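Chain by chain, the residues:
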Amino acid sequence: MPNAMTTTDELKLRARRAMVAHAFYRLESALTIALTILLAFFMPRPFDWWRWWFWIILGVAAEALIVYTSLTDARTGQQVVAALLHERYDPGAVKTRAYRDKVRQALTYRDQIEEIVSQMPGGVLRDHLLDSTAGIADWIGNIFAIARRLDVYERDALLHEDMARVPGDVAQLEKALARETDPQVRRQIEATLKAKQGQLDNLRALENRMEQASFRLEETLTSLGTVYSQFQLIRAQRMDSAGARHLSDDISGQVQRLQDLLTSMDEVYQRTP
């Protein structure tokens, strides 16, 4: 759906709201509001030409300046987005340790990449790198989604019982069909065998897809580590903008491949009883 909001877009919107809220909860903001109220009440006319509501105007102007500086402060924005990502993709939500560690590592890579970009001087290159990092939030989101699906699969005891039992059920039904001579009983066995075989095929397809997803998760985490090293290289060698654009294309490609894998995982899982 072309109009659907991506993870990156949603995070930008939530980050903007969080930064506005942060601005109003800053100590400077609280002091400005308190001082404005006190001055308007206790010193309404320090000069003959002064009016009490002048303090209100000055307070509003000062508060607006605080909000503006908060919204334009790169460090604040970086901290807010990082907090939102760690909240949304909480590694603790993944119970299987191996997959939980991969989510945590992915978040660490992302935090370090943002740190590198924030330390670079302003300019065209930095703007291109900021564009490149935009897709990493979607990348992290897909890593988290794959880890969650693998986690659910690993802890699904009933599913693994079926995987252990159904092949034997199919083998027994095949033997029974080979021995049976009564046409009515054979038809019943054939119907049951067909259903069991369909279940077995879906279970095997799911097993194969989850194994593929596990290897893909490891591969994509390695790719994210490679992207991190590329950002380090860019900072060290001041790579040109063309290199930054190529990096952005690589990130977009990774996001799309992960999204395709998630879709195929869901399709197979939904077919499995």
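Here goes a summary of the coordinates provided. (Residues numbered from 1 in each chain as written. Predicted model: local features only at pLDDT ≥ 70, side-chain atom pairs only at ≥ 80, totals over all residues. Heavy atoms only, no water.)

1. Describing helix α2 (residues 27-42)
The α-helix advances 3.6 residues per turn, and as a result positions three or four apart in sequence lie on the same side.
Next, step 1: Between its first and last C-alpha, α2 extends 22 Å over 16 residues, near the 22 Å set by a 1.5 Å rise per residue.
Next, step 2: Regarding α2, the residues found buried are Ser-29, Thr-32, Thr-36, Leu-39 and Ala-40. The buried side chains of α2 occupy one side of the element, clustering within an arc of 105° when seen end-on. Away from its buried face by more than 90 degrees, α2 exposes Leu-27, Leu-31, Ile-37, Phe-41 and Phe-42. (Helix = DSSP H or I, 4+ residues; strand = E, 2+ residues; numbered from the N terminus. Expected span 1.5 Å × (residues − 1). Buried < 20%, exposed > 50% of the residue type's maximum accessible area, 1.4 Å probe, protein only. Arc of directions from axis to C-beta.)

2. Structural notes on the side chain of Lys-102
Next, step 1: Looking at where Lys-102 falls in the secondary structure, it is placed in helix α5 (residues 97-119).
Next, step 2: A distance of 3.0 Å separates polar atoms of two side chains, one belonging to Lys-102 and the other to Glu-218.
Next, step 3: Each residue touching Lys-102, except ones within four places of it in the same chain, is listed here: Leu-217, Glu-218 and Leu-221. (Polar contact = N/O pair within 3.5 Å; in protein donor to acceptor, adjacent residues only side chain to side chain. Contact = heavy atoms within 4.5 Å.)

3. Quick look at the nonpolar core
Next, step 1: Formed by 47 residues in total, the largest nonpolar core has its most connected members in Trp-139, Ile-146 and Leu-224.
Next, step 2: Counting only elements with at least two residues in this core, the list comes to α5, α6 (124-154), α7 (157-179), α8 (183-237) and α9 (241-271).
Next, step 3: At 13 residues, α8 tops the list of elements feeding residues into this core. (Core = buried A, V, L, I, M, F, W, Y, C linked by side-chain atoms within 4.5 Å.)

4. Quick look at the environment of Tyr-228
Next, step 1: Along the polypeptide, Tyr-228 turns up in helix α8.
Next, step 2: Residues Tyr-228 and Arg-110 lie 118 residues apart in sequence; the distance between their C-alpha atoms is 7.8 Å.
Next, step 3: Here Tyr-228 is in contact with Tyr-109, Gln-112, Ile-113 and Ile-116, once residues within four sequence places are set aside.

5. Brief notes about a nonpolar patch on the surface
Next, step 1: On the surface, Trp-52, Trp-53, Ile-56, Ile-57 and Val-60 cluster together into a nonpolar patch covering about 510 Å² of accessible area.
Next, step 2: For Val-60, the position within the fold is in helix α3 (residues 52-72). (Patch = residues over 30% accessible without salt bridge, like charges linked within 9 Å, V, L, I, M, F, W, Y side chains within 5 Å. Areas by Shrake-Rupley, 256 points an atom, 1.4 Å probe, with all protein chains shown as cover. Salt bridge = Lys/Arg side-chain N within 4 Å of Asp/Glu carboxyl O.)

6. With respect to the packing of aromatic side chains
Next, step 1: Throughout the structure, instances matching the rule amount to nine aromatic pairs.
Next, step 2: On the basis of an interplanar angle of 85° and a centroid distance of 4.9 Å, the ring pair of Phe-41 and Phe-42 is categorised as edge-to-face.
Next, step 3: By relative accessible area, Phe-42 is classed as exposed at 60%.
Next, step 4: A ring pair is formed by Tyr-109 and Tyr-228, whose centres lie 5.8 Å apart and whose planes are at 40°; its orientation type is tilted. (Phe/Tyr/Trp six-rings, centres within 6.5 Å; stacked < 30°, edge-to-face > 60°.)

7. With respect to the pattern of salt bridges
Next, step 1: With the rule as written, the count across this model stands at 11 salt bridges.
Next, step 2: Between Lys-196 and Asp-169 there is a salt bridge, and its shortest N-O distance comes to 3.3 Å. Pair noted here: Lys-196 is in helix α8 and Asp-169 is in helix α7, with a separation of 27 residues, a long-range link.
Next, step 3: The residue Glu-190 makes a salt bridge to Arg-186 at a minimum N-O spacing of 3.9 Å.

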